[in-house]
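Remarks on the overall topology
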Amino acid sequence: MIRINQLVQNHTAFIAVLLIAMCPELTGCRATAAPDAGFLEQPQLMHEGVNRLPFNAVWFKPGINYSSYKKVYVAPVDTTHLLKHEWWGDSSFAPGDQASQAQDLGEYFRQEVGARFTAESPQRFKLVEVPDSETLIIELAIVEVVPTKVWLNTIGYIAIGALSQGTTAFEGRFKDGASKEVIAEFKDREYGQIDIVSVNDLTWFKHSKHTIRIWADDIEEICTSQPDQAIEPMSSVTLKVW
């Protein structure tokens, strides 16, 4: 048994070396920003390449003190701006399945963000269902989900490209609960994290759930961190031996 475990570990390490050779900086091998999907109100204000934040592009209104908010409200996640791709027409979905499953993914996003504030910063923010003047409002939209090449191949769609782990993209904004003014906008697109051992992807959005969990962490951390505190972007690789 020990010998088998050593072989598995050595094999995993070898694959990790190959991945590092393909992408020298795993946290820097990132997807580029998705096209504006129409959810954001002022996308022209955003700046790309803000190194201390984990998103492709961001804009924060100067002078906002996030510690002044006592509550946080996570609005239902918008999926009406989801960018359509060619594979939708080639899939075996029944009519309407994409939309209903995207809504389920959106609700997953909302629950994950809310759970982070409940678990990580209950003393700073109270999670509420109805916003008031003390509330930071978080509005999010999932705007792109591209399945992994493995999944696309199972439906007979020929996926072309060197990277095969799929992508997910979102757009988001913060609003002041009193004035409903937009005080921040941001967007990000990420490759699905490469799972070295388990490569089966049984649903078209399975890889997106991991990305969403990372985004939930990021959003909570942005709201509770110091203005000059850096937040690490998502890694492209996870090592799982099972």
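Every value quoted in this text rests on a predicted model; they were computed, and no experiment measured them.

**A short note on the packing of aromatic side chains**
- Inspection of the entire model under this criterion finds 13 aromatic pairs.
- Relative to Tyr 66, the ring of Phe 60 lies with its centre 6.5 Å away and its plane at 80 degrees, an arrangement referred to as edge-to-face.
- With a centroid separation of 5.9 Å and 35 degrees between ring planes, the pair formed by Phe 109 and Trp 215 is classed as tilted. With Phe 109 in helix 3 (residues 97-120) and Trp 215 in helix 5 (residues 206-224), this pair connects stretches of sequence that are 106 residues apart.
- Its relative accessible area of 0% is what places Phe 109 among the buried residues.
- With relative accessibility at 1%, the residue Trp 215 sits in the buried group.
- In textbook terms, an aromatic cluster arises when at least three aromatic residues are bridged by ring pairs, as seen for Phe 55, Phe 60, Tyr 66, Tyr 69, Phe 109, Phe 170, Phe 174, Phe 186 and Trp 215.
- Positioned over the ring face of Phe 39 is Arg 173, at 4.0 Å from the centre of the ring.
- Between the NZ or CZ atom of Lys 209 and the centre of the ring of Tyr 108, over which it lies, the distance is 4.8 Å.

**A look at the pattern of salt bridges**
- Inspection of every chain in the model, using the stated rule, returns 11 salt bridges.
- For Lys 175, the salt bridge goes to Glu 139, with nearest N and O atoms at 3.5 Å. In this pair, Lys 175 sits in strand 6 (residues 167-176) while Glu 139 sits in strand 5 (residues 135-146), placing the two residues 36 residues apart along the sequence. For the pair formed by Lys 175 and Glu 139, the shared burial category is buried.
- Put simply, Glu 144 and Arg 189 hold a salt bridge, and the shortest N to O gap is 2.8 Å. Here Glu 144 is found in strand 5, whereas its partner Arg 189 is found in strand 7 (residues 182-191), with 45 residues between them in sequence.
- For Glu 144, a relative accessible area of 3% corresponds to the buried category.

**Here we look at the side chain of Ser 208**
- On the secondary structure map, Ser 208 appears in helix 5.
- A relative accessible area of 0% places Ser 208 in the buried class.
- In contact with Ser 208, other than residues within four places in its own chain, are Leu 105, Val 145 and Thr 168.

Definitions and cut-offs
- Residues numbered from 1 in each chain as written.
- Predicted model: local features only at pLDDT ≥ 70, side-chain atom pairs only at ≥ 80, totals over all residues.
- Heavy atoms only, no water.
- Phe/Tyr/Trp six-rings, centres within 6.5 Å; stacked < 30°, edge-to-face > 60°.
- Helix = DSSP H or I, 4+ residues; strand = E, 2+ residues; numbered from the N terminus.
- Buried < 20%, exposed > 50% of the residue type's maximum accessible area, 1.4 Å probe, protein only.
- Lys NZ or Arg CZ within 6 Å of the ring centre and 35° of its normal.
- Salt bridge = Lys/Arg side-chain N within 4 Å of Asp/Glu carboxyl O.
- Contact = heavy atoms within 4.5 Å.

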